Amino acid sequence: VMKSDFIRTVSETQVAEQKAQEEHLEFMTESGKSLAQKEEAETERRAQHQDVLGKLSEATESFSSHNSIVLTAIKELLELKPVCIDTGMSYEDRVSNREEEIAALNRAVCILEQYQEYGPDATSGSC
C-alpha cells in the first residue's frame, strides 16, 4: 500500500510540476507582452511629451513676439492720441484749415497745368 501511495504521490507531483511549469511559462509570456506594451507606450508618451514641449516653446516665443508688437503699437497709439485728438483747435477751425489747404492745393495744380501747357511765361492770373 505504501509503494502504491508513493507512486501515486510521485505521479501527482509530476503532473502538478508540469502544470505549474506550463502556468509559469504562460505567465512569463503574458508578462513579457505586457512589459513590451508598457515600454512602447512609455516611449510614445515621452515622444508626445517632447513634441508638446517643443510646441509650447514655439508658442511662447510667438506669443512674446506678438505681445511686444502689440505693446509697441499701443505705445505709439498713446503717443499719437494727443496729437490727433487734443490739437487745441475746435472742429470748425480744423474744417476751415482743411478747406484753405484744399484751395491752395487746387491753385497749385492750376499753376502747374498752365506751366505745363504754356511754359514759364504763362500768367497765373486765371488761377
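These numbers come from a predicted model, not from an experiment.

1. Observations concerning the overall build of the chain
When helices and strands are tallied, the chain shows 2 helices and 0 strands. Whereas a compact globule of 127 residues would reach a radius of gyration of roughly 14 Å, the chain reaches 47 Å, over 25% beyond that. Expressed along its principal axes, the backbone C-alpha trace of the chain runs to roughly 150 × 40 × 20 Å. Roughly 11600 Å² of accessible area belongs to the chain as shown, and the carbon and sulfur atoms make up 59% of that amount.

2. Focus on a negative patch on the surface
Together, Glu-22, Glu-23, Glu-26 and Glu-30 make up a region of like negative charge exposed at the surface. Looking at the element boundaries, Glu-22 is found in helix 1 (residues 2-85).

3. A few points about a nonpolar patch on the surface
Among the surface-exposed residues, Val-70, Leu-71, Ile-74 and Leu-78 lie close enough to one another that they form a single nonpolar patch of about 380 Å² accessible area. Tracing the chain through its elements places Leu-71 in helix 1.

4. What about helix 2 (residues 91-118)?
Because each turn of an α-helix spans 3.6 residues, side chains separated by three or four positions in sequence point in the same direction. For helix 2, which comprises 28 residues, the first-to-last C-alpha distance of 41 Å matches the rise-based estimate of 40 Å (1.5 Å per residue) to within 8%. Just downstream of helix 2 lies Gly-119, where phi reads positive at about 85°.

5. Brief notes about the pattern of salt bridges
Counting across every chain of the model gives 5 salt bridges. With a shortest N-O distance of 3.4 Å, Glu-12 and Arg-8 are connected by a salt bridge. Taken together, the residues Glu-12 and Arg-8, both in helix 1 and 4 residues apart, mark about one turn of the helix. The partner of Glu-42 in a salt bridge is Arg-46, and the shortest N-O contact between them spans 3.0 Å. With Glu-42 and Arg-46 both in helix 1 and 4 residues apart, the pair spans about one turn of that helix. Here the residues in one salt-bridge network are Asp-5, Arg-8 and Glu-12, joined through shared partners.

6. Structural notes on the environment of Lys-33
Along the chain, Lys-33 turns up in helix 1. Using a relative accessible area of 47% as the deciding quantity, one classes Lys-33 as partly exposed.

7. Focus on helix 1
Taking 1.5 Å of rise per residue, 84 residues should cover 124 Å, and helix 1 covers 117 Å from first to last C-alpha, within 8% of that figure. Of all the bends in helix 1, the largest measures some 30° and sits at Glu-79, one to four residues before the proline Pro-82.

About the cut-offs
- Residues numbered from 1 in each chain as written.
- Predicted model: local features only at pLDDT ≥ 70, side-chain atom pairs only at ≥ 80, totals over all residues.
- Heavy atoms only, no water.
- Helix = DSSP H or I, 4+ residues; strand = E, 2+ residues; numbered from the N terminus.
- Rg over C-alpha atoms; globule rule 2.2 N^0.38 Å.
- Areas by Shrake-Rupley, 256 points an atom, 1.4 Å probe, with all protein chains shown as cover.
- Patch = residues over 30% accessible without salt bridge, like charges linked within 9 Å, V, L, I, M, F, W, Y side chains within 5 Å.
- Salt bridge = Lys/Arg side-chain N within 4 Å of Asp/Glu carboxyl O.
- Lys, Arg positive; Asp, Glu negative; His and termini not counted.
- Charge placed at Lys NZ, Arg CZ, Asp CG, Glu CD.
- Expected span 1.5 Å × (residues − 1).
- Buried < 20%, exposed > 50% of the residue type's maximum accessible area, 1.4 Å probe, protein only.
- Bend = angle between axes of the 7 residues up to and from the residue.

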